[in-house]
Amino acid sequence: MTGEMIAFFLLALTAITGGVLLINLTNVVHMVVALIFTFIAIAGIYITLSAEFVAVVQVLIYSGAITIIMLFGIMLTRHQEKEKRAPRLKMMLTGLAIGLFFLIMYGKIKDLNFGQQDAGLHIDNTKKIGVELYSHYVIPFELTSVLLLVALIGSIILAKREDDEKEAKK
Amino acid sequence: MSSVPLAAYLMLALILFCIGLFGALTKRNAVIVLISIELMLNAVNINLVAFAKYSINPGMTGQIFSLFTITVAAAEAAVGLAILIALYRNRQTVNVDEMDTMKR
């Protein structure tokens with residue numbers, strides 16, 4: 001039992017607990033707070049996988065930005081304080097289908113192993129990512145900026161009140 | 001040298017993906033459905049980063065792909081929430097069961 005093993009089990013346990021709480025809690029705000037634990041635990045998993053930069057991005061984007069934007073979405077819309085459950089039959093059928101999917105995938109991946117090589121991914125991790133992004137992946141990188149701009153303008157236009165346009169025409 | 005096998009990471013990702021799928025299919029609040037989809041994307045990211053370290057040719061490609069996925073997920077969350085708010089303004093509900101205009 002090495003330290004990495006213990007860290008992995010603790011982080012995996014936190015991540016799965018957050019996910020199970022998301023399914024079982026009834027208050028919508030509590031669900032989102034439970035998911036913050038999952039996101040931070042996944043950032044820890046990235047560190048054990050020697051991907052420090054991705055871990056920091058995960059904390060910034062997921063635990064910071066996306067959870068806050070979802071909380072805004074909950075606050076701006078009226079909702080029942082207690083979430084009603086779906087009909088029991090629908091939940092059972094969905095659970096059964098997902099359980100089948102889980103078993104099939106588990107059978108395929110349980111013995112998957114490509115051997116371990118020491119690639120030294122953790123050495124100068126951020127520098128390597130920067131060099132790759134600006135050399136080999138420069139076109140997808142620039143396309144991503146266009147995508148973000150489109151998403152920014154598109155969400156502003158979608159969420160804008162429609163009577164503003166009518167007033168503008170007058 | 002690490003001692004956690006690749007299969008353990010893949011198992012964690014599979015469990016999180018199944019939880020996200022279940023939440024996306026059974027939850028009724030549209031915000032929770034969106035956030036379940038984010039959880040599924042996160043599970044896929046774990047797979048990408050795990051394969052970046054433990055594949056036959058370890059390299060940075062998996063980590064860079066996971067960065068792109070995170071970007072797309074952030075854009076998706078913003079647009080999804082904007083659609084949700086526009087829908088809420090018209091229908092006064094965020095319940096996915098009541099969003100059935102195209103079924104009627």
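Scroll up to find the structure.
Given the structure is predicted, the values throughout are model-derived calculations rather than measurements.

Our focus in this paragraph is the interface of chain B and chain A. Of the residues lining the interface, 73 residues belong to chain B; the matching set on chain A comes to 81 residues. Together chain B and chain A conceal approximately 7300 Å² of surface at their shared face, both sides included; 76% is due to carbon and sulfur atoms. By the criterion of area lost to chain A, the three top residues of chain B are Phe22(B), Ile35(B) and Met60(B), representing 8% of everything that side buries. Remark: the boundary between chain B and chain A carries zero salt bridges. The interface formed by chain B and chain A holds eight residue pairs in polar contact (both at pLDDT 80 or more) in total. Elements with a contribution of two residues or more to the side of chain B that touches chain A: helix H1 (6-26), helix H2 (30-54) and helix H3 (61-91) of chain B. In terms of residues, the side of chain B that touches chain A owes the most to one element, H3(B), which gives 23 residues.

A few words on helix H3 (residues 52-76) of chain A. Residues and elements named next belong to chain A. Spanning 25 residues, H3 covers 35 Å between terminal C-alpha atoms, matching the ideal 36 Å at 1.5 Å per step. Along H3, the sharpest kink reaches roughly 25°, centred on Gln58. Turning to H3, its buried residues are Val54, Ala55, Val57, Gln58, Tyr62, Ser63, Ile66, Thr67, Met70, Leu71, Gly73 and Ile74.

The next subject is the layout of surface pockets. Here the largest pocket defines a volume of roughly 280 Å³. Put simply, the parts of the chain that give the lining of the largest pocket at least two residues each are H3, helix H5 (125-135) and helix H6 (138-159) of chain A together with H3 of chain B. Looking at the lining of the largest pocket element by element, the count peaks at six residues for H3(B).

In this section: the packing of H3(A) against H3(B). Look at H3(A) against H3(B): their axes get within 11 Å of each other, and the N-to-C directions meet at 5°. The angle between H3(A) and H3(B) falls in the class roughly parallel. Contacts from Phe53(A), Val54(A), Val57(A), Gln58(A), Ile61(A), Tyr62(A), Ile66(A), Ile69(A), Met70(A), Gly73(A) and Leu76(A) in H3(A) reach Gln63(B), Ser66(B), Leu67(B), Ile70(B), Ala73(B), Ala74(B), Ala77(B), Ala78(B), Leu81(B), Ile85(B) and Tyr88(B) in H3(B). Looking at the contact of H3(A) with H3(B) residue by residue, the classes come out as 18 nonpolar, four polar and no charged.

Calculation rules
Residues numbered from 1 in each chain as written. Chains lettered and ligands numbered in written order. Predicted model: local features only at pLDDT ≥ 70, side-chain atom pairs only at ≥ 80, totals over all residues. Heavy atoms only, no water. Contact = heavy atoms within 4.5 Å. Buried area = accessible area lost by both parts, 1.4 Å probe. Salt bridge = Lys/Arg side-chain N within 4 Å of Asp/Glu carboxyl O. Polar contact = N/O pair within 3.5 Å; in protein donor to acceptor, adjacent residues only side chain to side chain. Helix = DSSP H or I, 4+ residues; strand = E, 2+ residues; numbered from the N terminus. Expected span 1.5 Å × (residues − 1). Bend = angle between axes of the 7 residues up to and from the residue. Buried < 20%, exposed > 50% of the residue type's maximum accessible area, 1.4 Å probe, protein only. 1 Å grid on protein atoms, 1.4 Å probe; cavity = no way out; pocket = protein on both sides within 12 Å on 5 of 7 lines; lining within 4 Å. Points joined across faces, edges and corners; volume = space filled by probe spheres on them. Axes fitted to C-alpha atoms, helices over the stretch in contact; angles between N-to-C directions. Parallel < 35°, antiparallel > 145°, perpendicular 65-115°, else oblique. Nonpolar A, V, L, I, M, F, W, Y, C, P; charged D, E, K, R; others polar.

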